[in-house]
Amino acid sequence: MEKETAIFRFLDYRIIKSLIELHPENGETSSKLSVSLGVPENINISGNNITYPMNVSIQDENNVLNIEVNIVGNFEIDKDTEDLQSFIEINAPAILFPYIRAHITTITSLSGIKPVILPTLNMTKNK
């Protein structure tokens, strides 16, 4: 049986910014979190390579906790792909988001606060 190579391939990722700020002077950390997923403006497509930046910002309602994580994913895509935009808009964030989730859970658990565990996202729901 011959293996078929995927037309959209994940190569690697880098966390380029990881910030956690605690402001205990504002009170206790609230369990109600505001999560903002940044839509990239500077996707770089060079030949078959795609560099996809993504960011997540989290704040609790009491402004005690502030988290920012920026990640850059590197992908490869076959040139003859018809629906390139769909692969970029849906697959790239769907592949990168679990790495962001794990990173945020890890840094919050090591910070002496209750770990922040982000829910999974369905990237096709808003499409």
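Residues numbered from 1 in each chain as written. Predicted model: local features only at pLDDT ≥ 70, side-chain atom pairs only at ≥ 80, totals over all residues. Heavy atoms only, no water.

### Topic: the layout of surface pockets
Move 1: Roughly 210 Å³ of volume is contained in the second largest pocket.
Move 2: Forming the walls of the second largest pocket are Thr29, Ser30, Ser31, Leu33, Leu65, Ile113, Lys114, Pro115, Val116 and Ile117.
Move 3: Split into classes, the residues belonging to the lining of the second largest pocket amount to six nonpolar, three polar and one charged. (1 Å grid on protein atoms, 1.4 Å probe; cavity = no way out; pocket = protein on both sides within 12 Å on 5 of 7 lines; lining within 4 Å. Points joined across faces, edges and corners; volume = space filled by probe spheres on them. Nonpolar A, V, L, I, M, F, W, Y, C, P; charged D, E, K, R; others polar.)

### With respect to helix 1 (residues 84–109)
Move 1: The first and last C-alpha atoms of helix 1 sit 38 Å apart over 26 residues, in line with the 38 Å expected at 1.5 Å per residue.
Move 2: Approximately 25 degrees is the largest bend angle found in helix 1, and it occurs at Asn91, with the proline Pro93 only one to four residues beyond.
Move 3: Buried within helix 1 are the following residues: Ser86, Phe87, Ile88, Ile90, Ala92, Pro93, Leu96, Phe97, Ile100, Ile104, Ile107 and Thr108.
Move 4: Against the buried residues of helix 1 lie strand 1 (8–22), strand 2 (33–38), strand 3 (44–46), strand 4 (49–60) and strand 5 (65–77). (Helix = DSSP H or I, 4+ residues; strand = E, 2+ residues; numbered from the N terminus. Expected span 1.5 Å × (residues − 1). Bend = angle between axes of the 7 residues up to and from the residue. Buried < 20%, exposed > 50% of the residue type's maximum accessible area, 1.4 Å probe, protein only. Contact = heavy atoms within 4.5 Å.)

### A short note on the side chain of Arg9
Move 1: Considering the arrangement of structural elements, one finds Arg9 in strand 1.
Move 2: Note on Arg9: relative accessible area 19%, which makes it buried.
Move 3: Only 2.8 Å separates the side chain of Arg9 from the side chain of Asp78, close enough to count as a polar contact.
Move 4: In this view, Arg9 contacts Asn74, Phe75, Glu76, Ile77 and Asp78; residues no more than four positions away in its chain are not counted. (Polar contact = N/O pair within 3.5 Å; in protein donor to acceptor, adjacent residues only side chain to side chain.)

### Observations concerning the packing of aromatic side chains
Move 1: Per the stated rule, a full pass over the model turns up five aromatic pairs.
Move 2: Geometrically, the ring pair formed by Phe8 and Phe75 is stacked, given 5.0 Å between the ring centres and 20 degrees between the ring planes. Of this pair, Phe8 sits in strand 1 while Phe75 is found in strand 5, placing the two residues 67 residues apart along the sequence. Residues Phe8 and Phe75 agree in their burial class; the two are buried.
Move 3: When the centroid spacing of 5.5 Å and the interplanar angle of 25 degrees are considered together, the rings of Phe8 and Phe87 count as stacked. Of this pair, Phe8 sits in strand 1 while Phe87 sits in helix 1, placing them 79 residues apart in sequence.
Move 4: Residue Phe8 is classed as buried on the basis of its relative accessible area of 10%.
Move 5: Grouped by ring-pair contacts, the aromatic residues Phe8, Phe10, Tyr13, Phe75, Phe87 and Tyr99 constitute a single cluster. (Phe/Tyr/Trp six-rings, centres within 6.5 Å; stacked < 30°, edge-to-face > 60°.)

### Describing the environment of Val116
Move 1: Looking at the element boundaries, Val116 is found in the segment after helix 1.
Move 2: Judged by its relative accessible area of 6%, Val116 falls in the buried class.
Move 3: When the C-alpha atoms of Val116 and Ser31 are compared, they prove to be 8.9 Å apart, with 85 residues separating the residues in sequence.
Move 4: Those residues within four positions of Val116 in sequence are excluded, and the remaining contacts are Leu33, Ile58, Leu65, Ile67, Ile104, Thr105 and Thr108.

It is worth stressing that arrangement in space is one thing and function is another; only the former is reported here.
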